[in-house]
Amino acid sequence: MARGLAVAWAVLGPLLWGCALALQGGMLYPRESPSRERKELDGLWSFRADFSDNRRRGFEEQWYRRPLRESGPTLDMPVPSSFNDISQDWRLRHFVGWVWYEREVILPERWTQDLSTRVVLRIGSAHAYAIVWVNGVDTLEHEGGYLPFEADISNLVQVGPLSSQLRITIAINNTLTPTTLPPGTIQYLTDTSKYPKGYFVQNTYFDFFNYAGLQRSVLLYTTPTAYIDDITVTTGVEHDSGLVNYQISVKGSNLFELEVRLLDAENKLVANGTGTQGQLKVPGARLWWPYLMHERPAYLYSLEVRLTAQMSPGPVSDFYTLPVGIRTVAVTESQFLINGKPFYFHGVNKHEDADIRGKGFDWPLLVKDFNLLRWLGANAFRTSHYPYAEEVLQMCDRYGIVVIDECPGVGLALPQFFNNMSLQNHMRVMEEVVRRDKNHPAVVMWSVANEPASHLESAGYYLKMVIAHTKALDPSRPVTFVTNSNYAADKGAPYVDVICLNSYYSWYHDYGHLELIQQQLTTQFESWYKTYQKPIIQSEYGAETIVGFHQDPPLMFTEEYQKSLLEQYHVVLDQKRRKYVVGELIWNFADFMTEQSPTRVLGNKKGVFTRQRQPKSAAFLLRERYWKIANETRYPYSIAKSQCLENSPFT
Ligand code: BDP
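Bear in mind the structure is a predicted one, so any value in this text is a computation, not a measurement. (Residues numbered from 1 in each chain as written. Predicted model: local features only at pLDDT ≥ 70, side-chain atom pairs only at ≥ 80, totals over all residues. Heavy atoms only, no water.)

**As for the overall build of the protein**
The condition that has to hold: The secondary structure listing takes helices from DSSP runs of H or I that are at least 4 residues long and strands from runs of E that are at least 2 residues long, numbered from the N terminus. We compute the radius of gyration from the C-alpha atoms alone; for a globule the expected value is 2.2 Å times N to the 0.38, where N is the number of residues. The classification of residues rests on relative accessible area computed with a 1.4 Å probe and restricted to protein chains. Under 20% of the type maximum is buried, over 50% is exposed, and intermediate values are partly exposed. In this analysis, two residues are considered to be in contact whenever any of their non-hydrogen atoms come within 4.5 Å of each other. Only the protein chains shown count as covering a residue, and every accessible area follows the Shrake-Rupley method with a 1.4 Å probe. Here Asp and Glu are counted as negative and Lys and Arg as positive; His is not counted, and neither are the chain ends. Where a charge sits is defined by one atom per residue type, namely NZ (Lys), CZ (Arg), CG (Asp) or CD (Glu).
Secondary structure assignment for the protein yields 12 helices and 32 strands. In terms of overall size, the protein behaves like a compact globule, its C-alpha atoms giving a radius of gyration of 25 Å where 651 residues would be expected to give roughly 26 Å. Along the first, second and third principal axes, the C-alpha set of the protein runs to 75 × 75 × 50 Å. In the protein, which comprises 651 residues, the proportion classed as buried is 60%. Long-range pairs, those at least 24 residues apart, make up 73% of the contacts in the protein with a sequence separation of at least 6. Of the roughly 25600 Å² of accessible surface on the protein, 52% is carried by carbon and sulfur atoms. Within the protein, the 69 negative side-chain charges are centred at a point lying 2 Å from the centre of the 64 positive side-chain charges.

**Topic: the nonpolar core**
Here is a general trend for soluble globular proteins: nonpolar side chains tend to be buried in one another's company. The condition is simple: Put simply, buried Ala, Val, Leu, Ile, Met, Phe, Trp, Tyr and Cys residues joined by side-chain atoms within 4.5 Å make one nonpolar core.
Ranked by size, the top nonpolar core spans 146 residues in total, and within it Ile231, Leu303, Phe336, Phe345, Phe370 and Phe381 carry the most contacts. When neighbours within four sequence positions are excluded, Phe370 is seen to be in contact with Phe381, Val392, Met395, Cys396, Tyr399 and Ile401.

**Focus on the site of the ligand**
Definition in use: When we say a residue is near a molecule or strand, we mean one of its heavy atoms is within 4 Å of it. Polar contacts, as used here, are pairs of N or O atoms within 3.5 Å; protein pairs need one atom able to donate a hydrogen and one able to accept it. Residues neighboring in sequence count only if both atoms are side-chain atoms. In the scheme used here, Gly and all other residues not listed as nonpolar or charged are polar, with Ala, Val, Leu, Ile, Met, Phe, Trp, Tyr, Cys and Pro taken as nonpolar and Asp, Glu, Lys and Arg as charged.
Taken together, 13 residues lie around the ligand, and Asp207, His385, Glu451, Tyr508 and Lys606 are the ones closest in. Between the ligand and Arg600, the relevant distance is 3.2 Å, taken from an oxygen atom to a side-chain nitrogen or oxygen of the residue. In this structure, Asn604 approaches the ligand through a side-chain N or O atom, which is 2.8 Å from an oxygen atom. Its residues assigned to classes, the shell around the ligand shows 4 nonpolar, 4 polar and 5 charged.

**Considerations on unusual backbone geometry**
In this chain, Val79 is followed by Pro80 through a cis amide linkage whose omega measures 0°. Going from Asp552 to Pro553, the amide bond is cis rather than trans, its omega being 0°. One can find Pro553 in the loop between β31 (536–540) and α11 (559–576). A positive phi angle, near 50°, is found at Asn135, a position not held by glycine. Within the secondary structure layout, Asn135 lies in the loop between β7 (129–134) and β8 (137–143). For Asn135, a relative accessible area of 32% corresponds to the partly exposed category.

**Some remarks on the pattern of salt bridges**
Heads up, the rule is: One side-chain nitrogen of Lys or Arg within 4 Å of one carboxyl oxygen of Asp or Glu is enough to make a salt bridge.
Applying the stated criterion across every chain, the model contains 38 salt bridges. Put simply, Arg613 and Asp369 hold a salt bridge, and the shortest N to O gap is 2.8 Å. Here Arg613 is found in the loop between β32 (581–586) and α12 (617–633), whereas its partner Asp369 is found in helix α6 (residues 363–376), with 244 residues between them in sequence. Residue Arg613 shares its accessibility class with Asp369, and that shared class is buried.

**Points about the sheet that holds strand β15 (residues 227–238)**
Under the convention used in this document: Strand pairing requires that DSSP identify at least two bridges connecting the strands. Note on geometry: axes are lines fitted to C-alpha atoms, helical ones only across the stretch in contact, with angles between N-to-C directions running from 0 to 180 degrees.
With respect to topology, 3 strands assemble into an open sheet ordered β15-β16-β19, the strand pairing being antiparallel. The open sheet has two edge strands, β15 and β19 (277–283), and neither has a second partner. Neighbour to neighbour, the strand axes of the sheet diverge by 20° on average, direction disregarded. As paired elements, strand β16 (residues 241–251) and β19 share 7 bridges and run antiparallel to each other. Looking at β19, one finds that Gln247 is bridged to Gln277.

**Digging into the sheet that holds strand β5 (residues 117–123)**
With antiparallel pairing, the 4 strands of this open sheet are ordered in space as β1-β14-β5-β9. Looking at the sheet topology across the chains shown, the edges are occupied by β1 (38–40) and β9 (149–152). Adjacent strand axes in the sheet meet at a mean angle of 20°, parallel and antiparallel pairs treated alike. Bridge count between β5 and strand β14 (residues 218–224): 7 bridges; the pairing is antiparallel.

**A short note on helix α9 (residues 457–473)**
To keep it simple, the criterion reads: To estimate how far a helix should extend, the number of its residues minus one is multiplied by 1.5 Å.
Here α9 spans 25 Å end to end across 17 residues, near enough to the 24 Å set by a 1.5 Å rise per residue. When α9 is considered as a whole, its buried residues turn out to be Ala459, Gly460, Tyr462, Leu463, Val466, Ile467, His469, Thr470, Lys471 and Leu473.

**Notes on the environment of Phe417**
Topologically, Phe417 is positioned in the loop between β27 (402–406) and α8 (420–437). Judged by relative accessible area, which is 0%, Phe417 ranks as buried. In the structure, Phe417 is positioned 148 residues away from Leu269 in sequence and 51 Å away in space, judged by C-alpha atoms. The residues contacting Phe417, other than those within four sequence positions of it, are Pro178, Pro183, Gly184, Thr185, Tyr205, Gly411, Leu412, Ser422 and Tyr462.

**Details of the packing of α8 against α9**
We count it as follows: Angle categories: roughly parallel below 35 degrees, roughly antiparallel above 145, roughly perpendicular from 65 to 115, and oblique for all the rest. Throughout, a crossing is termed right-handed when the near helix is turned clockwise from the far one, and left-handed when it is turned anticlockwise from it by less than a right angle.
It is the contact of α8 with α9, at a shortest axis distance of 10 Å, that shows an interaxial angle of 25°. By the angle between their axes, α8 is roughly parallel relative to α9. Note on packing geometry: the crossing formed by α8 with α9 is right-handed. Side by side, α8 and α9 meet where Ser422, Leu423, His426, Met427, Met430, Glu431 and Val434 of the first sit next to Tyr461, Tyr462, Met465, Val466, His469, Thr470 and Leu473 of the second.

**Examining the packing of aromatic side chains**
Applicable threshold: Working definition: a ring pair exists when centres of Phe, Tyr or Trp rings (six-membered ring for Trp) sit within 6.5 Å. Plane angles under 30 degrees give stacked, over 60 give edge-to-face, the rest tilted.
Summed over the entire model, instances satisfying the criterion amount to 39 aromatic pairs. A centroid spacing of 5.5 Å and a plane angle of 75° characterise the contact between Phe370 and Tyr399, whose relative ring orientation is edge-to-face. With Phe370 in helix α6 and Tyr399 in helix α7 (residues 390–399), this residue pair connects regions lying 29 residues apart in the sequence. Considered together, Phe370 and Tyr399 belong to a single accessibility category, that of buried residues.

**Examining α7**
For α7, a buried count of 9 out of 10 residues is recorded, marking the element as mostly surrounded by other parts of the structure. All buried positions along α7 are accounted for by Glu390, Glu391, Val392, Leu393, Gln394, Met395, Cys396, Asp397 and Tyr399. Phi for Gly400, located one or two positions after α7, is positive at around 80°.

Set out below in structure tokens:
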């Protein structure tokens, strides 16, 4: 895209929302309201992996027809969690194929008797392909982990006096194929002198363990039969007024009224409107600022939507309240602007990963991670390499932590992965990501992929299409993908708004030669900027480090080597961040599990925290740096205070 156009897009983005590609069907986070109830189904589910040779015994014997315990032995499986590390059976850790989950539920009588209530089953994520039965009836299928899906099950539960008992059966297949996202291949090993008959392995092309199962909450919620299906909010600033543009979609009725009220954090009404779309103007609005950038960060308004629909026998109301942060995002040739001010990403890459729960959502871990992010002075992270749980983004909205929201476009390493079916699927996944996350002020950019083989011609076309589609879905945010290709070879870079670069100098090559980093990193930045004149983020850099290994002078894998490597990167980042480098994200926040290999010692150890969330030496180095940068980049200028330690050396 020509530069001028990119800038114009950045300024006009919020206004262009009306032209955004409309998506069918919403995916609002299920919140309680006077018209909506929730019933969480977290806890113990019955579980069985189908170890049969073709993995299809469950379908042949129709395990969904009767309680799972009647077709064979079951295990207790906690939800949310990955199933892999829970049992002592090594076969389950590596299992590839169908696993079966089941849960019996008693519904409140009103849900089954009151025909003006709509009952919805919502699954936060099921990695990677799921089929859902309710009371043995095939109800829902979904492809792709890390994103929610739901079904209206009212007509299955509102069928008579016995219907308050519900049996939910979910079959999940974790197999990755050339057309799934992420892609993978199944390889049959046919040399019978080495492998038993029918032996196969799942190959993946990414560096994290393919944890699977019901890794986020499963819940039931209700709405009235006429209901608020979706809300899309974009925001802008005009002089000292905030603008909140809203679009609301209603289902279940054509005869309705909508009232929209915007409340401030003290619950005072600041603007109101009616109808399915409109613009609210907030004079003297408080903006949503990233924390550390501003002394009053993360300000959230509440958009209260009230639907009144004319139904027989009488009117029906539905209420939904959406948190709204008023802020703008824009990109120039050398800057990333939030609310018109230059923003520097000093943050981390994460993974949803810890201990035996695998990628299972966990509140204590979530709060610990956010405390650590603030301890570190990190103002941003990338959701490498898949969308994180919705609760994570809600915390980012509330804390003022900026997010680059990445889809599971990781491991696009082989030429055969850039085919039409994969492209269609990738575009569909971006639709699901945008639909779910579009209203989070913390999300400032979409990332459509991590390290695709972007030197290939076919990848260039593929990335162009996915990026264009994402921009059409959401004209209000910049779009990127993360590359590790050479600047002269990359075929996708022309289409991004911000160049995101991963490099591992003195780690994956020139091992041990820390003295080369400054020269190589300078060349990297200068060649890319000369070619594209777009802002650049160092989206990954780091070194594998075993906590407790020490050596001076530094040797690879020691805490000293990680620190020294970071210091070398920081010299160049400090030179370039005053020009066109707009961010640095360490790889990685914490150690995480990978497949076994001779290059991984119980997983990837590039964390600055261990997998148990204890700091390595590099965490202290990074903390000092991030607070120093925070002090330099605050707006309006004032000294940032460490949020954890009163007597921090950086206050
Ligand atoms: C990068 C990948 C990331 C890896 C990291 C590493 O984007 O997923 O974990 O390298 O090798 O290339 O540690």
